Amino acid sequence: MTAPNPRIGIIGTGAIGGFYGVMLARAGYDVHFLLRSEYETVLQRGLRINSTVHGSLHLDAVQAYRSAADMPKCDWLLVGAKSTSNPELAPLIVEAAGEDAKVVVLQNGLRVEEDLRQVLPNNIHLLGGLCFICAHRSALGVVEHQALGGVNLGYHSGSAATLEQQQALVEEGVAMFRAVGVDSNAADNLVQARWQKLVWNVPYNGLSVLLDAGTAPLMSNPDSRALVRSIMLEACGAAAACGHPLPDVLVDRMMMATDHMPNYLPSMYHDHAHGRPLELDAIYAAPLVAAANAGFAMPKTEALYQALCFIAGRAAR
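It should be emphasised that the depicted structure is a prediction, and the values quoted were computed from it without experimental measurement. (Residues numbered from 1 in each chain as written. Predicted model: local features only at pLDDT ≥ 70, side-chain atom pairs only at ≥ 80, totals over all residues. Heavy atoms only, no water.)

Chemist: What exactly am I supposed to notice about the pattern of salt bridges here?
Modeler: When the charged atoms of two side chains with opposite charge come close together, those side chains can pair. Overall, the coordinates contain nine salt bridges when judged by the stated rule. E38 is the partner of R137 in a salt bridge, and the nearest nitrogen-oxygen pair spans 3.0 Å. Placement of the pair is R137 in strand 8 (residues 125–139) and E38 in the loop between strand 2 (30–34) and helix 2 (39–45), with a sequence separation of 99 residues. Owing to a relative accessible area of 6%, E38 belongs among the buried residues under this scheme. Salt-bridge contacts for R225 lead to D259; the nearest nitrogen and oxygen are separated by 2.9 Å. Of this pair, R225 sits in helix 8 (residues 222–241) while D259 sits in helix 9 (residues 250–259), and the two are 34 residues apart along the sequence. (Salt bridge = Lys/Arg side-chain N within 4 Å of Asp/Glu carboxyl O. Helix = DSSP H or I, 4+ residues; strand = E, 2+ residues; numbered from the N terminus. Buried < 20%, exposed > 50% of the residue type's maximum accessible area, 1.4 Å probe, protein only.)

Given below as structure tokens:
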């Protein structure tokens, strides 16, 4: 179903798309990058990853494009653009997608695949990608990779009619990432996996903006640490109410893992600092609606969401 050396397209060459695209290209995969403001810079200087895990990585000859219409048809498309761009992404995906293309949505939040599915042809396979990585873009064409880097994949929808076909496509993607040194696993239940990632994203993304703090100060202060924990527990309760119970030890494990991370400023902090739209719909509004429909209240998460809406609205004005 896929060429022996699949052609891979990167839609959104920021921190996420840049990191995984460079890893794949340096390993010999045929990778094509769709770029916007950074096109000229990347064409002249290439893409650079400053990684505490892999060292300094530089992709000199970048196959870069301003327009999806100029890209060759791709077997795999990795969507690294933020969910705030999803209304404009569908035409780009359709233009760059080859026959039987696999589209991996490397985004945070809930219902991101459902929203894209409504505007994509049925023959395109849609997969969710759960990225566990500390990375941000520090300049045009430059990504700072602080820690982690794994990505788990789950099948969402498309023309794969049987569970076996869907699993085969997921395993194909997992094998592709593993081949370049990226930890990857199959997510048996994509919705549950998205809820699990929200348990981390909901507190840290929003609180980093609201309190102007990275993970280390948030975890070292007893009040903010308690607030993080209570929001995590709300997300776990909402997941269970929606039919996707998470492991009882998840919150403790996530907090322990965050304690051992370098001080990290989540993606929403960088979006706010640079005046970009915040991913409020996918990370907050969609989970809150799902929880409310299941009869579960998330008062602290809702308060955080309302504060972020105020901040975003003031920035827009």
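And the narrative resumes.
Chemist: Help me understand the environment of D248 in this model?
Modeler: Residue position: D248 is located in the loop between helix 8 and helix 9. Separated by 35 residues in sequence, D248 and I283 have C-alpha atoms that sit 22 Å apart.

Chemist: Got a minute to help me understand the environment of V170 in this structure?
Modeler: Among the secondary structure elements, V170 is positioned in helix 5 (residues 163–179). A sequence separation of 16 residues divides V170 from G154, and the C-alpha atoms of the two residues are 6.2 Å apart. The contact partners of V170, leaving out residues within four places of it in the chain, are L127, L153, G154, Y155 and A186. (Contact = heavy atoms within 4.5 Å.)

Chemist: How should I be thinking about the pairing of strand 9 (residues 142–157) in this particular structure?
Modeler: Successive side chains on a regular strand alternate, one facing one side of the sheet and the next facing the other. Alignment of strand 3 (residues 47–51) against strand 9, held across four bridges, turns out to be parallel. Bridging across to strand 9, S51 finds its partner in H145. Two strands pair when backbone bridges link them, and strand 8 and strand 9 are joined in this way by 13 bridges, in the antiparallel orientation. In the sheet register, C134 faces strand 9, and the bridge partner there is A147. The hairpin formed by strand 8 and strand 9 contains two residues between the paired strands, and G141 there has a positive phi angle of roughly 75°. Bridge analysis of strand 9 against strand 10 (residues 184–186) gives three bridges, and the strand direction is parallel. Across the sheet, the residue bridging to V151 is S184, located in strand 10. For the segment spanning strand 9, helix 5 and strand 10, crossover handedness is right-handed. (Pairing = 2+ DSSP bridges. Right-handed = clockwise from strand over helix to strand, strands pointing away.)

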